[in-house]
Amino acid sequence: MGLDVDGRRERIRVAIYTHQLPHMPFRGGPMNYAEAYAECYGMPLEMRRTVRHEPKSESAMSTNSPEKKSTRSG
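Presented here is an overview of the structure given in this document. For clarity, every value in this text was computed on a predicted model and none was experimentally measured. (Residues numbered from 1 in each chain as written. Predicted model: local features only at pLDDT ≥ 70, side-chain atom pairs only at ≥ 80, totals over all residues. Heavy atoms only, no water.)

## Some thoughts on unusual backbone geometry
- Positive phi, normally seen in glycine, also occurs at Q20, with a value near 55°.
- Within the element layout of this structure, Q20 appears in the loop between α1 (5-18) and α2 (33-41).
- Even without being a glycine, R27 presents a positive backbone phi close to 50°.
- Take R27: it is sitting in the loop between α1 and α2. (Helix = DSSP H or I, 4+ residues; strand = E, 2+ residues; numbered from the N terminus.)

## As for the environment of I12
- Note that I12 resides in helix α1.
- Judged by relative accessible area, which is 27%, I12 ranks as partly exposed.
- Separated by 33 residues in sequence, I12 and L45 place their C-alpha atoms 9.6 Å apart. (Buried < 20%, exposed > 50% of the residue type's maximum accessible area, 1.4 Å probe, protein only.)

## Overview of the layout of surface pockets
- Estimates place the volume of the largest pocket at around 180 Å³.
- Contributing to the lining of the largest pocket are I12, A15, I16, L21, F26, Y33, A36, Y37, C40 and Y41.
- Looking at the lining of the largest pocket, the elements that each hand over two or more residues are α1 and α2.
- The element that contributes the greatest number of residues to the lining of the largest pocket is α2, accounting for five residues. (1 Å grid on protein atoms, 1.4 Å probe; cavity = no way out; pocket = protein on both sides within 12 Å on 5 of 7 lines; lining within 4 Å. Points joined across faces, edges and corners; volume = space filled by probe spheres on them.)

## So, the pattern of salt bridges
- Scanning the entire structure with this criterion turns up two salt bridges.
- R9 is the partner of D6 in a salt bridge, and the nearest nitrogen-oxygen pair spans 2.2 Å. Of the two residues, D6 and R9 both sit in helix α1, three residues apart, roughly one turn of that helix.
- Of the residues examined, R9 reaches a relative accessible area of 14% and is grouped as buried. (Salt bridge = Lys/Arg side-chain N within 4 Å of Asp/Glu carboxyl O.)

## Some thoughts on α1
- If you check α1, its first and last C-alpha atoms are 20 Å apart, about what 14 residues at 1.5 Å a residue would give, namely 20 Å.
- For α1, every residue scored as buried is listed here: G7, R9, R13 and I16.
- Along its buried surface, α1 packs onto α2.
- Two residues or fewer past α1, Q20 is found with a positive phi of approximately 55°. (Expected span 1.5 Å × (residues − 1). Contact = heavy atoms within 4.5 Å.)

This is the structure in structure tokens:
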């Protein structure tokens, strides 16, 4: 069972951060892990493929919700 290209790239990115390697030399060469990742994948290590949406705060939710209006007159 193989991973697609994006899945493999994301797993490598997470592994580099998990093991705290972004600024460590890559295989003893002139580049560090972050530079090698950028060279290989054509994008910086910090770049995410997907954007995580933050949940709305309670105040933002209350101002965006429709107000309940009473149908009774009186």
